[in-house]
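Summary of structural features
One letter stands for each residue in the lines below.
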Amino acid sequence: MGKTELSSLQKRVLSSLVMVPVAISALVVGHPYVDILIFAVGAMLSWEWSSMVPNKKASAYAVCYTFALGCSLLIFNWWILFSTLVAVSLVVYIKAKGESHRKLLTLGVPYIALGVGALYWLYYLFDAFGGIPEEKGSFVMTLWFMFMVWGVDIGAYFVGSTLKGPKLAPKISPNKTWSGLIGGVISSAVISFAYMYAVKNIFDLPMSSSAQFKFAALGAAIAVVAQIGDLIESAIKRHLGVKDSSSLIPGHGGVFDRVDGLIFAAPLVYLYFMLISL
């Protein structure tokens, strides 16, 4: 009897059944496991970027990216962190002299350090969000953010593959459609409203209906930003002539292919909640 090959969708589902529980478990337990998970994801992204972008010193670039990532997780003074990331970016830029993709190699420093770092900052910023008791705010709100990005991905996939229609960006990502984008945005908005309704009732929070609609609008905005991040990564891969950032995750490609929307939206979401908390 011959071997039965799993379809791409089956591989994606099986991989998700492993990754999602691990991520959620780390969020529930918190420090230090969530810190380890975020650093591990960032380290894998560092390896992927240094391998995906053609160069002559992959290990050296990976070390620089990982060092910058570590700084974003350990340095809490914004000016020192900004200065450090500028310095590391300059080191990479100088080291990349003569490389055919010098700018992309340099971009890896802020892209990874700020994108992954913002996930870490968001988790601890949410620690006492909205009166959620027993320090569960970090878990509840970080999971909400992840659901927004997962929601647009799932909604876009199923609506886009069903309705099809005009292409969103045919030269960058031929499979993406406007119907998929709209379906994904609506999906995230609905999930956000339902999630906040559940949070309100579980923790008995004084959250008005207008606040829940505000979160629905925020979910839709995050969906759009996440899709922009997805398109940017697709444009980079197309420019480099690669299909996936790596083959680390069966059915998904690489880590970048799964978290591109998360790390692109995270800094903006962090800034938003920082501003409203002032």
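In this report, we go over the structure that sits alongside the text. (Residues numbered from 1 in each chain as written. Predicted model: local features only at pLDDT ≥ 70, side-chain atom pairs only at ≥ 80, totals over all residues. Heavy atoms only, no water.)

Comments concerning the state of the cysteines
Applying the stated rule across the entire model yields zero disulfides. The cysteine cysteine 71 is free of any disulfide, with cysteine 64 supplying the nearest cysteine sulfur at 11 Å. (Disulfide = S-S within 2.5 Å.)

Thoughts on the packing of aromatic side chains
Inspection of every chain in the model, using the stated rule, returns 16 aromatic pairs. Between tryptophan 78 and tryptophan 121, the ring centres sit 5.0 Å apart and the planes meet at 90°, which makes this aromatic pair edge-to-face. One end of the pair, tryptophan 78, is in helix H4 (residues 78–95); the other, tryptophan 121, is in helix H5 (residues 102–125), with 43 residues separating them in the sequence. Overall, the relative accessible area of 12% leaves tryptophan 121 in the buried class. For the ring pair tyrosine 272 and phenylalanine 273, a centre distance of 5.1 Å and an interplane angle of 85° mean the geometry is edge-to-face. Using a relative accessible area of 5% as the deciding quantity, one classes phenylalanine 273 as buried. (Phe/Tyr/Trp six-rings, centres within 6.5 Å; stacked < 30°, edge-to-face > 60°. Helix = DSSP H or I, 4+ residues; strand = E, 2+ residues; numbered from the N terminus. Buried < 20%, exposed > 50% of the residue type's maximum accessible area, 1.4 Å probe, protein only.)

Notes on the environment of isoleucine 228
Positionally, isoleucine 228 belongs in helix H8 (residues 209–240). Separated by 32 residues in sequence, isoleucine 228 and aspartate 260 have C-alpha atoms that sit 9.3 Å apart.

Structural notes on the nonpolar core
Nonpolar side chains in soluble globular proteins tend to end up buried together. If you look at the biggest cluster of nonpolar residues, it comprises 77 residues, and the most contacted ones within it are Leu45, Trp49, Trp144, Phe145 and Ile222. Here this core takes 13 residues from H5, the largest share from any one element. Contact partners of phenylalanine 145, with chain neighbours within four places excluded, come to Leu119, Leu122, Ile222, Leu262, Ala265, Ala266 and Val269. (Core = buried A, V, L, I, M, F, W, Y, C linked by side-chain atoms within 4.5 Å. Contact = heavy atoms within 4.5 Å.)

Details of unusual backbone geometry
The omega torsion of the bond from histidine 31 to proline 32 falls at 5°, within 30 degrees of zero and hence cis. Relative to the helices and strands, proline 32 is located in the loop between helix H1 (8–29) and helix H2 (33–52). Positive phi values are uncommon outside glycine, yet lysine 164 reaches one of about 55°. Along the polypeptide, lysine 164 turns up in the loop between helix H6 (137–163) and strand E1 (167–169). What makes lysine 164 exposed here is its relative accessible area of 51%. Positive phi, close to 50°, is recorded for aspartate 204, a residue that is not glycine. Tracing the chain through its elements places aspartate 204 in the loop between helix H7 (178–202) and H8.

The quantities given are spatial measurements derived from coordinates; they are silent on function.
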